[in-house]
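Single-letter residue listing:
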Amino acid sequence: MNITFDTNPKRAKSPWRKSWTAVGGKQKRKWFATEAKAKSHVDSGNVSSKRIGADLAVLPKRDRHAALLATTLAKENGFNLVDAARFYMKHNEIKGDMLFSDAEVLFHKSRSGMSQRTQSTRKSTLGAFRSYRDQYLSDYGREDIEEFLSQGDVANRTRHNWLEQVNTFFNWAVRKKLVAGNPAKDIDAKQDLGALPPNTITFFTFDEVERLMRTALKEDRELIPYFVLGIFCGIRPSEITGHGGKQHIDWEDIITDEDVAEVNVPSASSKTSEPRQVELSENAQAWLKLGGELPPANINKRRIAIATKAGVEWQNDIMRHTFATMHCRMYRQPERLKLEMGHSENSRTLYNHYRSGRVKLIDAKKFWTLMPYEILDMNTQRANTQKTA
């Protein structure tokens, strides 16, 4: 055991570091506000080892209880825990255990179609997790994830982002049958890490949407499908256009018949490589009937031209933010919205970003009922007025 004072200014709140070798040879460390607290800290694993033995002490308390219960059940039914584990792996097609570092390589390859920013963030977080502890996937428990999240003097939002990235990785590993369960799935970000204030995001107001669509109708009608899929369906611009080597959304992906009205985002187009369907609202269907280009050519130049003439400021992801904000305010169906936006199972984006309450219900209602014929009539009336004048 070693207790030292860390002079790093970032450690001002908890400068006393205690380092020790835990049961099983694992190196551990923890920071404290005072030297007294560091000295008085007792590693629960070492205390347990004296009572129940070193081998069991390395298990989290919850796993020790589960092992005792499983041993009792196995004894009562004439088998042992090894038999149970082999039976489970055989019938659930769990593949041989794999080191985190090896699985990480496969994971990044499966996400190679994502944006450079997303890939960079994910690689940075998982690289830090690997540096913290690289071991077999089946060896990770909730306590490992919690210890990783408690490292360093970082902003709480960063810890939330770490949890989301680790969650995404282990959910992928479960789907690929590399591990039986996700050790991070029971960690509640809000309860265990603390609630985050909503992010301030930028979205179009109803008046801005109306001006944008009116300008597109007048100046560049071929861009109508692009704006409709982005603003009224929340589909990412890269998914619409196929930017970054993805398959673009085509008219064949837009399905409208008596029973179904939706946009199918295939896995080859999706940012997350997971297919999804987005329900088409009545006004979105009406706008799409006007036709247009899919995918549109020279999108950046034409999009900025329309936004400039409409007098609205264009920012990254503003169409998608508008869709989510208006959907939250109007329908209050977060699980449906998460599916339609293609958020991961444990993503907190919806709760952290879009439920700000900055949109009035009356504006959300006008947004979801904005029809092209209303704008066309408005444009006609304005043209007639100008001729008369």
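Every value quoted in this text rests on a predicted model; they were computed, and no experiment measured them.

Draft legend 1. Structural detail: the packing of helix α8 (residues 142-149) against helix α9 (residues 156-175). In contact at an axis separation of 10 Å, α8 and α9 are set at 145 degrees when each is read in the N-to-C sense. In this structure, the crossing between α8 and α9 has a hand that is right-handed. Contacts between α8 and α9 involve I145, F148 and L149 from the former and R159, W162, L163, V166 and F170 from the latter. Of the residues belonging to the contact of α8 with α9, the class tally is seven nonpolar, no polar and one charged.

Draft legend 2. Main features of the pattern of salt bridges. This model, assessed by the stated rule, comprises 17 salt bridges. The partner of D144 in a salt bridge is R133, with the nearest N and O atoms 2.4 Å apart. With D144 in helix α8 and R133 in the loop between α7 (116-132) and α8, this residue pair connects regions lying eleven residues apart in the sequence. Accessibility expressed as a relative area gives 8% for D144, which makes it buried.

Draft legend 3. Quick look at helix α17 (residues 334-341). Among the residues of α17, those classed as buried are L337, K338, E340 and M341. Taken down its axis, α17 places every buried residue within 170 degrees of arc, on the same side. Phi turns positive one or two residues past the end of α17, at G342, with a value near 75 degrees.

Draft legend 4. Main features of the packing of aromatic side chains. Inspection of every chain in the model, using the stated rule, returns 23 aromatic pairs. Relative to F129, the ring of F100 lies with its centre 5.0 Å away and its plane at 65 degrees, an arrangement referred to as edge-to-face. Here F100, found in helix α6 (residues 100-110), pairs with F129, found in helix α7; they are 29 residues apart in sequence, far enough to count as distant. Per residue, the accessibility class of F100 equals that of F129, and both read buried. On the basis of an interplanar angle of 75 degrees and a centroid distance of 6.0 Å, the ring pair of F323 and W368 is categorised as edge-to-face. With F323 in helix α16 (residues 318-331) and W368 in helix α19 (residues 361-368), this pair connects stretches of sequence that are 45 residues apart. Three or more aromatic residues link up through ring pairs in this structure, and these residues are F100, F107, F129, Y132, Y140, F148, W162, F169, F170 and W172. A cation sits over an aromatic face here: R336 above Y331, 5.3 Å from the ring centre.

Draft legend 5. Structural view of the packing of helix α11 (residues 206-219) against helix α12 (residues 224-231). It is the contact of α11 with α12, at a shortest axis distance of 10 Å, that shows an interaxial angle of 160 degrees. Classified by the interaxial angle, the pair formed by α11 and α12 is roughly antiparallel. Crossing angle aside, the handedness with which α11 passes α12 is left-handed. Within the contact between the two elements, α11 uses V209, L212, M213, A216 and L217 and α12 uses I224, F227, V228 and I231.

Rules used in this analysis
- Residues numbered from 1 in each chain as written.
- Predicted model: local features only at pLDDT ≥ 70, side-chain atom pairs only at ≥ 80, totals over all residues.
- Heavy atoms only, no water.
- Axes fitted to C-alpha atoms, helices over the stretch in contact; angles between N-to-C directions.
- Helix = DSSP H or I, 4+ residues; strand = E, 2+ residues; numbered from the N terminus.
- Left-handed = near helix turned anticlockwise from the far one by under 90°.
- Contact = heavy atoms within 4.5 Å.
- Nonpolar A, V, L, I, M, F, W, Y, C, P; charged D, E, K, R; others polar.
- Salt bridge = Lys/Arg side-chain N within 4 Å of Asp/Glu carboxyl O.
- Buried < 20%, exposed > 50% of the residue type's maximum accessible area, 1.4 Å probe, protein only.
- Arc of directions from axis to C-beta.
- Phe/Tyr/Trp six-rings, centres within 6.5 Å; stacked < 30°, edge-to-face > 60°.
- Lys NZ or Arg CZ within 6 Å of the ring centre and 35° of its normal.
- Parallel < 35°, antiparallel > 145°, perpendicular 65-115°, else oblique.

Note that every value here comes from positions in space, so none of it alone points to a role or purpose.
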